Amino acid sequence: MYNAYFRLNESPFSIAPDPRFLFMSARHREALAHLMYGVSGEGGFVVLTGEVGTGKTTICRCLLDQVPADCDVAFIVNPGLSAVEMLGAICDELHIGYPDNLNIKGYVDRFNAYLLKANAAGRKTVLIIDEAQVLDPKVLELLRLLTNLETSRRKLLQIVLLGQPELLTLLDRPDMRQVAQRVVARYHLQHLSKVEVSAYVAHRLSVAGSMGKLIPESLMGQLYRRTGGVPRLINLVCDRALLGAFVEGKLAVTGPILARAAAAVS
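Residues numbered from 1 in each chain as written. Predicted model: local features only at pLDDT ≥ 70, side-chain atom pairs only at ≥ 80, totals over all residues. Heavy atoms only, no water.

Engineer: Just give me the short version of the packing of helix H8 (residues 194-207) against helix H10 (residues 231-247), but keep the residues and values in it.
Structural biologist: Contact geometry for H8 and H10: axes closest at 11 Å, N-to-C directions at 60°. The angle between the axes of H8 and H10 places the two elements in the oblique class. In terms of crossing hand, the pair formed by H8 and H10 is right-handed. Between H8 and H10, the contacting residues are Val197, Tyr200, Val201, Arg204 and Leu205 on the first element and Pro231, Ile234, Asn235, Cys238 and Leu242 on the second. Looking at side-chain class alone, the contact of H8 with H10 contains eight nonpolar, one polar and one charged residues. (Axes fitted to C-alpha atoms, helices over the stretch in contact; angles between N-to-C directions. Helix = DSSP H or I, 4+ residues; strand = E, 2+ residues; numbered from the N terminus. Parallel < 35°, antiparallel > 145°, perpendicular 65-115°, else oblique. Left-handed = near helix turned anticlockwise from the far one by under 90°. Contact = heavy atoms within 4.5 Å. Nonpolar A, V, L, I, M, F, W, Y, C, P; charged D, E, K, R; others polar.)

What follows is the structure, encoded as structure tokens:
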């Protein structure tokens, strides 16, 4: 609604995980480096956790844009599945054919045959699971067993788990110790600092085509206090604030407008 008014090419604070808008703070660079390691690794689990709205999914979308040409990725965004459903979803992602009413062994046999064929062709296979904190423990144990699939020289499957901090709690359970022992890298994504909030806002406005200071630097402290440095909350507050400035006919967001936007979002 306000894009034309502010001469923006697109909405700067959409909560869609568009990698073009990813602000690469030091923390986000480290998180992406861990995921890239997961893509190039030799088996096991890579775990990326963070609070709601810290940018895990956006980082993952950025990763998918950088996947090497010799890598096949299965990306699961709805992990609340049974073991059989999870195997079916993985096969669907990798275009592995299977008959109806197949049991777990049948799925695993087909998946193993696929991995062996891919390995022989010089290709890697990576399974990425978003919102992994909702995985059933039995499904997580099944995923561990899938990482056992190997040749005499290397593991055939790398698994990347993205999730909220509850995923760490799940991995710390005594019955999940064998899964935890397979974690070869883990990273916990923190909120943005006050300085990073200012750079984050400027970055997103610049990508959207802004030529001016639509949200003044003097308001960054207030924005940081109101959002705690959580990117998704920053997006929601800034979007509402720009709408408020548009409604009031202002050329930039003011302190009272930002305060009302933050109150509306909270």
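Engineer: Describe the nonpolar core, listing the residues and the values that go with them.
Structural biologist: Counting residues in hydrophobic clusters, the biggest one holds 40 residues, and the most contacted among them are Ile90, Phe111, Leu140, Leu143 and Leu161. Broken down by secondary-structure element, the contributors of at least two residues to this core are strand E1 (44-50), strand E2 (71-76), helix H3 (83-93), helix H4 (104-120), strand E3 (124-129), helix H5 (137-146), strand E4 (158-163) and helix H6 (166-171). Setting aside residues up to four positions removed in sequence, Ile90 forms contacts with Ala74, Ile76, Phe111, Leu127, Leu143 and Leu146. Counting residues in each nonpolar core, the second largest holds 28 residues, with Phe21, Val197, Ile234 and Ala262 among its members. (Core = buried A, V, L, I, M, F, W, Y, C linked by side-chain atoms within 4.5 Å. Buried < 20%, exposed > 50% of the residue type's maximum accessible area, 1.4 Å probe, protein only.)

Engineer: Please set out the packing of aromatic side chains residue by residue, giving values where relevant.
Structural biologist: Each aromatic ring pair is specified by the distance between its two centres and by the angle formed by the two planes. Scanning all chains against the criterion turns up five aromatic pairs. Seen in terms of ring centroids, Tyr2 and Phe6 are 6.1 Å apart; in terms of plane orientation they differ by 65°. Their pairing is edge-to-face. Side by side, Tyr2 and Phe6 carry an identical accessibility label, which is buried. Each ring, one from Phe23 and one from Tyr200, has its centre 6.1 Å from the other, and the planes form 90°; the classification is edge-to-face. Of this pair, Phe23 sits in the segment before helix H1 (26-40) while Tyr200 sits in helix H8, placing them 177 residues apart in sequence. Through successive ring pairs, a cluster of aromatic residues spans Tyr2, Tyr5, Phe6 and Phe246. (Phe/Tyr/Trp six-rings, centres within 6.5 Å; stacked < 30°, edge-to-face > 60°.)

Engineer: Residue-level account of the layout of surface pockets, with values.
Structural biologist: Taken as a whole, the largest pocket encloses approximately 340 Å³ of empty space. In terms of lining, the largest pocket is formed by 22 residues, of which the most central are Gly53, Thr54, Gly55, Thr58 and Arg232. Looking at the lining of the largest pocket, the elements with two or more residues in it are helix H2 (56-65), H8 and H10. Residue composition of the lining of the largest pocket, by class: nine nonpolar, nine polar and four charged. (1 Å grid on protein atoms, 1.4 Å probe; cavity = no way out; pocket = protein on both sides within 12 Å on 5 of 7 lines; lining within 4 Å. Points joined across faces, edges and corners; volume = space filled by probe spheres on them.)

Engineer: Residue-level account of the side chain of Lys56, with values.
Structural biologist: Along the polypeptide, Lys56 turns up in helix H2. For Lys56, which is buried and forms no salt bridge, the nearest opposite charge comes from Glu131, at a distance of 6.1 Å. At 3.1 Å, the side chain of Lys56 forms a polar contact with the backbone oxygen of Glu51. In this structure, Lys56 is in contact with Leu48, Thr49, Gly50, Glu51, Leu162, Gly163, Gln164 and Leu189, ignoring residues within four places of it in sequence. (Lys, Arg positive; Asp, Glu negative; His and termini not counted. Salt bridge = Lys/Arg side-chain N within 4 Å of Asp/Glu carboxyl O. Polar contact = N/O pair within 3.5 Å; in protein donor to acceptor, adjacent residues only side chain to side chain.)

Engineer: An account of the sheet that holds E3 is needed here, citing residue identities and associated values.
Structural biologist: In spatial order, the strands read E2-E3-E4-E1-E5; together these five strands make up an open sheet with parallel pairing. Both edges of this open sheet fall to E2 and strand E5 (183-189), since each of them pairs with a single strand only. On average, adjacent strands in this sheet sit at an angle of 15° to one another, irrespective of strand direction. Strands E1, E2, E3, E4 and E5 of the sheet are contacted by H2, whose axis makes an angle of about 155° with E2. (Pairing = 2+ DSSP bridges.)

Engineer: Tell me about the environment of Arg177, and name the residues and values.
Structural biologist: Along the chain, Arg177 falls in helix H7 (residues 177-180). Separated by 36 residues in the primary sequence, Arg177 and Glu141 place their C-alpha atoms 10.0 Å from one another. Here the side chain of Arg177 touches Pro174 through a polar contact of 2.8 Å, landing on its backbone oxygen.

Engineer: Pulling in residues and values, what's your account of the environment of Glu166?
Structural biologist: Looking at the element boundaries, Glu166 is found in helix H6. Taking C-alpha positions, Glu166 is 20 Å from Leu32, a pair spaced 134 residues apart along the chain.

Engineer: How would you summarise the pattern of salt bridges if you had to cite specific residues and measurements?
Structural biologist: For the structure on display, the rule yields eight salt bridges. When the shortest N-O distance is used, the salt bridge between Asp72 and Arg123 registers 2.8 Å. Remark: Arg123 occurs in the loop between H4 and E3 and Asp72 occurs in strand E2; sequence separation between them is 51 residues. For Arg123, a relative accessible area of 28% corresponds to the partly exposed category. Measuring nitrogen to oxygen at the nearest pair gives 2.5 Å for the salt bridge that ties Glu248 to Arg260. Placement of the pair is Glu248 in the loop between H10 and helix H11 (255-265) and Arg260 in helix H11, with a sequence separation of 12 residues. A single network of salt bridges, built from pairs that share partners, joins Glu10, Asp18 and Arg20.

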